[in-house]
Amino acid sequence: MSQVEKAQEFARLHKKGEPLILFNIWDAGSAKAVTEAGAKALATGSWSVAAANGFGDGQAIPLSLLAVTAKLISVTSHLPLSVDFEGGYAVESEEVAANVEKIMDHGAIGINFEDQVIGGHGVHPIETQVARIRAIREMADRRELPLFINARTDLFLQESDTAHHQILLDDAYRRADAFAEAGASGFFAPGLVDPELIGALCERSSLPVNIMVRPTTPDNETMAGLGVSRISYGPAPYRSVMGMLKSEAEAIYRHD
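Let me begin by describing the structure that accompanies this report. In this text, all values refer to a predicted model and were calculated from it rather than measured experimentally.

Moving on, we come to the sheet that holds strand β2 (residues 42–43). Strand order in the open sheet made by the eight strands is β1-β8-β7-β6-β5-β4-β3-β2, with parallel pairing throughout. Since the sheet does not close on itself, it has two edges, and those belong to β1 (20–22) and β2, each with one partner. When strand β4 (residues 110–114) meets strand β5 (residues 148–152), the two strands line up parallel, connected through five bridges. If you follow I111 over to β5, its bridge partner there is I149. The sheet contacts of helix α4 (residues 63–76) involve β2 and β3 (81–84), and relative to β3 the element is tilted by about 160°.

Here it is, written out as C-alpha cells:
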C-alpha cells in the first residue's frame with residue numbers, strides 16, 4: 001500500500017463496537033514481532049521509545065532519533081504506522097506542523113498529539129491546541145495525505161483521583177468538539193477508566209474515542225460495547241518485555 005492508502009486503511013479500522021487494538025511498539029524489532037502476531041496497524045508509545053533509547057519521557061528523545069525510529073519501523077513492517085508525537089516538539093503552530101511533516105516524511109500516517117504543557121503544568125487552553133491541530137491538518141492537506149491526528153487530552157491523566165473525573169467530563173466534551181472542528185481524526189482520553197464515563201464520552205464525541213489500557217480499565221470486550229473505537233496499551237508492552245529480560249538476567253547472574 002502507498003502511504004495515502006495506509007492512512008485511509010488506518011482510519012477505516014476505527015470502528016465503534018469493533019475497536020482497533022494497538023499493542024504499542026518502540027522499535028523495528030518490536031514492530032516485526034507485533035506484525036507477525038497479527039496486528040492490523042502499529043503505533044509507538046512515547047514512553048517506550050524514549051526508554052528504549054535511554055531517555056526519559058516528555059520529548060527528551062531528540063526529534064531526529066524519533067524520526068529515524070519511525071523510518072526503521074516503516075521499512076520493517078508493511079502495516080500503517082502511527083507515531084506518538086507528544087506535544088509536537090514545539091509550542092507555536094507553524095513549528096509543530098513542520099515537525100509533524102518530518103515524521104510523515106519518515107513513513108508515519110498518524111500521530112498522537114497531546115494537549116498537556118510539556119515541561120510545564122496543566123494543559124494548553126482549548127484555543128491554543130485548536131490552532132496547533134489546525135496547522136497540522138492544513139500541512140497534511142497540502143501534502144495530500146489524510147494524516148490521522150489522534151488528539152489526546154491529558155485532563156484525566158493529570159487527575160490521579162478518578163472520583164474527580166466526572167467533573168472533568170464537560171471540559172473533555174468541549175475539547176473533543178473543538179479538536180474535531182480543527183481537523184482532528186480521533187479523540188484520545190488516557191487515564192479515563194470508569195465504564196460509565198467512557199460510555200458517555202463515546203456517545204457524546206463525534207470523533208472515534210481511544211482509551212488506554214490500565215489495570216483498572218474494563219476489559220477490551222466491555223470497552224467495545226461502550227463504543228470505544230481504539231484501544232491502546234501505552235508503555236505496558238515495553239515494561240513487560242523489560243521485566244522479563246531483567247528477571248532472566250538476574251537468574252543467570254545469581255548463578256554466575
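Our focus in this paragraph is the packing of helix α7 (residues 165–182) against helix α8 (residues 195–204). At a minimum axis distance of 10 Å, the contact between α7 and α8 shows a crossing angle of 20°. As the angle between them shows, α7 and α8 are arranged roughly parallel. Pair α7 / α8 crosses with right-handed handedness. Every residue of α8 that contacts α7 at H165, Q166, L169, Y173 and D177 is listed here: L197, A200, L201 and R204.

About the thresholds
Residues numbered from 1 in each chain as written. Predicted model: local features only at pLDDT ≥ 70, side-chain atom pairs only at ≥ 80, totals over all residues. Heavy atoms only, no water. Pairing = 2+ DSSP bridges. Helix = DSSP H or I, 4+ residues; strand = E, 2+ residues; numbered from the N terminus. Contact = heavy atoms within 4.5 Å. Axes fitted to C-alpha atoms, helices over the stretch in contact; angles between N-to-C directions. Parallel < 35°, antiparallel > 145°, perpendicular 65-115°, else oblique. Left-handed = near helix turned anticlockwise from the far one by under 90°.

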